[in-house]
Amino acid sequence: MSFTLGTTSLSPPIALAPMAGITDRPFRDLVRSFGVGLMVSEMVASQEMVQAKPGVRERAELSADVENTAVQLAGREATWMAEAARQVADRGARVIDINMGCPAKKVTNGYSGSALLKTPDHALSLIEAVVEAVDVPVTLKTRLGWDDNSLNAADVAARAESAGVQMVTIHGRTRCQLYKGSADWTAIRAVKQAVTVPLLANGDILGTATARDALDRSGADGVMIGRGVQGKPWLLAQVAHDLWGTKAPEVPQGSDLLDMVSKHYEAMLAFYGGDLGIRVARKHLGWYMDEAQTEAPLRRLVLTEKSPQAVLNLLPDALARSDAGEAP
């Protein structure tokens, strides 16, 4: 199974989910290095980007001109959404994704993200504005509905397709569920039946087994994986191999794993600068050490050390027990 979005090929149909503060440029580059998947940028607030709010563009570092990358925009006003779309398209964006799925209060309180599911007519005006503003493919990521009493994703997706959206991703929860409970992949099937464009299933897909289950239950054309990739940047490539027969990734172990983690750490320091880079890197180092089953005292030392060189010196011992090469 494969399809294209303009000049972007999803072959196989698997994508990295946008995760705020996680799927930044260094991490997307690392995941991309394993050879498969659509990379989606962290959500960017359209108005803040257009107004050049300090740190917004730098923090996002959209990779707009990088192959197989989509730039995700959020907002509540058509004017800002359209202008932000034009700006990222001018910077080389090949796909623009509209966020209608973020459940965070700071987003929904501003009537953006999944709050737009409560006002589908207004949501469609934003979608239409973005589609009309650019020549590149526009996609949509959303949820099943605002709550269990308003499961309107199928209707929203069908209207979005009519407005020109070329792919839909559905997280199998409502907004009010946040990330609690389990994703309902079966409920995604109704959305798939309402559209003819490709659809990706998202939510609780942590490896090959859950990806296969999500596809079977939802009827989706592909999957988008988020939390499962944390600490395992090769996971998209592994799932693609297991489900679609692509080349198996060379999962780093031993000195190769140490080299990968060290380079990722240094890339984060270079990207964010020393102080911020050290703080941002801690969560990634924590996930790598989860995979390595690092003992608590050493883990704590790595995550509290303020000297980058000292962290690099600790990593060989911290990753020595890694069993990361096991299949997901």
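First things first, this report covers the structure right here in the doc. (Residues numbered from 1 in each chain as written. Predicted model: local features only at pLDDT ≥ 70, side-chain atom pairs only at ≥ 80, totals over all residues. Heavy atoms only, no water.)

A look at the overall build of the protein
Of the regular secondary structure elements, the protein holds 14 helices and eleven strands. Taken over C-alpha atoms, the radius of gyration comes to 19 Å for the protein, in line with the 20 Å a tight globule of 328 residues would show. The principal-axis extent of the C-alpha atoms belonging to the protein is close to 55 × 45 × 35 Å. Counted over contacts in the protein with a minimum sequence separation of 6, partners at least 24 positions apart contribute 68%. For the protein, the exposed area adds up to about 13,800 Å²; of that, 48% sits on carbon and sulfur atoms. Measuring between centres, the 34 positive side-chain charges of the protein sit 5 Å from its 38 negative side-chain charges. (Helix = DSSP H or I, 4+ residues; strand = E, 2+ residues; numbered from the N terminus. Rg over C-alpha atoms; globule rule 2.2 N^0.38 Å. Contact = heavy atoms within 4.5 Å. Areas by Shrake-Rupley, 256 points an atom, 1.4 Å probe, with all protein chains shown as cover. Lys, Arg positive; Asp, Glu negative; His and termini not counted. Charge placed at Lys NZ, Arg CZ, Asp CG, Glu CD.)

So, unusual backbone geometry
A cis amide bond links Ser-11 to the next residue, Pro-12, at an omega of 5°. Not every positive phi belongs to a glycine, and Asn-68 is a case in point at roughly 55°. With respect to the helices and strands, Asn-68 occurs in the loop between α3 (56-60) and β6 (69-74). The phi dihedral of Asp-204 is positive, around 65°, even though this residue is not glycine. Relative to the helices and strands, Asp-204 resides in the loop between β10 (199-202) and α9 (208-218).

Side note on the environment of Ala-20
Within the secondary structure, Ala-20 is located in the loop between β3 (14-16) and α1 (25-32). Taking the relative accessible area as the measure of exposure, Ala-20 reaches 69% and is therefore exposed. Between the C-alpha atoms of Ala-20 and Cys-102, which are 82 residues apart in sequence, the distance is 9.8 Å. (Buried < 20%, exposed > 50% of the residue type's maximum accessible area, 1.4 Å probe, protein only.)

Re the pairing of strand β11 (residues 222-225)
Burial of the side chains of β11 extends over both faces: Gly-222 and Met-224 are buried on one face and Val-223 and Ile-225 on the other. One ladder, built from three bridges, connects β3 with β11; its direction is parallel. Within β11, the position partnered with Ala-15 by the bridge is Met-224. Bridge count between β10 and β11: three bridges; the pairing is parallel. In the strand pairing of β11, Asn-202 is matched with Met-224. (Pairing = 2+ DSSP bridges.)

A word on the packing of α9 against helix α10 (residues 235-244)
In contact at an axis separation of 9 Å, α9 and α10 are set at 55° when each is read in the N-to-C sense. When the axis of α9 is compared with that of α10, the two are oblique. You can see that α9 and α10 cross each other, and the crossing is right-handed. In contact with Thr-208, Ala-211, Arg-212 and Leu-215 of α9, α10 contributes Gln-238, Val-239, Asp-242, Leu-243 and Trp-244. By residue class, the composition of the contact of α9 with α10 is five nonpolar, two polar and two charged. (Axes fitted to C-alpha atoms, helices over the stretch in contact; angles between N-to-C directions. Parallel < 35°, antiparallel > 145°, perpendicular 65-115°, else oblique. Left-handed = near helix turned anticlockwise from the far one by under 90°. Nonpolar A, V, L, I, M, F, W, Y, C, P; charged D, E, K, R; others polar.)

Section: the side chain of Asp-221
Within the secondary structure, Asp-221 is located in the loop between α9 and β11. Given a relative accessible area of 15%, Asp-221 falls into the buried group. At 2.7 Å, the side chain of Asp-221 forms a polar contact with the side chain of Lys-192. (Polar contact = N/O pair within 3.5 Å; in protein donor to acceptor, adjacent residues only side chain to side chain.)

A short note on the nonpolar core
General note: in soluble globular proteins, nonpolar side chains tend to be found buried as a group. Ranked by size, the top nonpolar core spans 85 residues in total, and within it Met-100, Ile-127, Ile-225, Leu-236 and Leu-285 carry the most contacts. Leave out the neighbours within four places in its chain, and Met-100 touches Gly-113, Ser-114, Leu-116, Leu-117, Ala-123, Ile-127, Leu-140, Lys-141, Thr-142, Arg-143 and Val-156. If you look at the next biggest cluster of nonpolar residues, it comprises twelve residues, including Leu-10, Ala-15, Ala-17 and Met-167. (Core = buried A, V, L, I, M, F, W, Y, C linked by side-chain atoms within 4.5 Å.)

Regarding the packing of helix α12 (residues 274-292) against helix α14 (residues 308-318)
Running from N to C, α12 and α14 point in directions that differ by 10°, and their axes come no closer than 12 Å. Compared by their axis directions, α12 and α14 come out roughly parallel. Residues Ile-278, Leu-285, Met-289 and Ala-292 of α12 lie in contact with α14, whose contacting residues are Pro-308, Val-311, Leu-315 and Ala-318. Residue composition of the contact of α12 with α14, by class: eight nonpolar, no polar and no charged.

Some details on α9
What α9 keeps buried is the set Thr-208, Ala-211, Ala-214, Leu-215 and Ser-218. Projected down its long axis, α9 carries its buried residues within an arc of 130°, all on one side. Turned more than 90 degrees away from the buried face of α9, the exposed residues are Ala-209 and Asp-216. Each element contacted by the buried residues of α9 is listed here: α8 (185-194), β10, β11 and α10. Downstream of α9 by a residue or two, Gly-219 has a phi angle that is positive, lying close to 75°. (Arc of directions from axis to C-beta.)

Some words on the layout of surface pockets
One number sums up the size of the second largest pocket: a volume of about 160 Å³. Grouping the constituent residues of the lining of the second largest pocket by class yields five nonpolar, five polar and two charged. (1 Å grid on protein atoms, 1.4 Å probe; cavity = no way out; pocket = protein on both sides within 12 Å on 5 of 7 lines; lining within 4 Å. Points joined across faces, edges and corners; volume = space filled by probe spheres on them.)

That is the geometry; function is a separate question.
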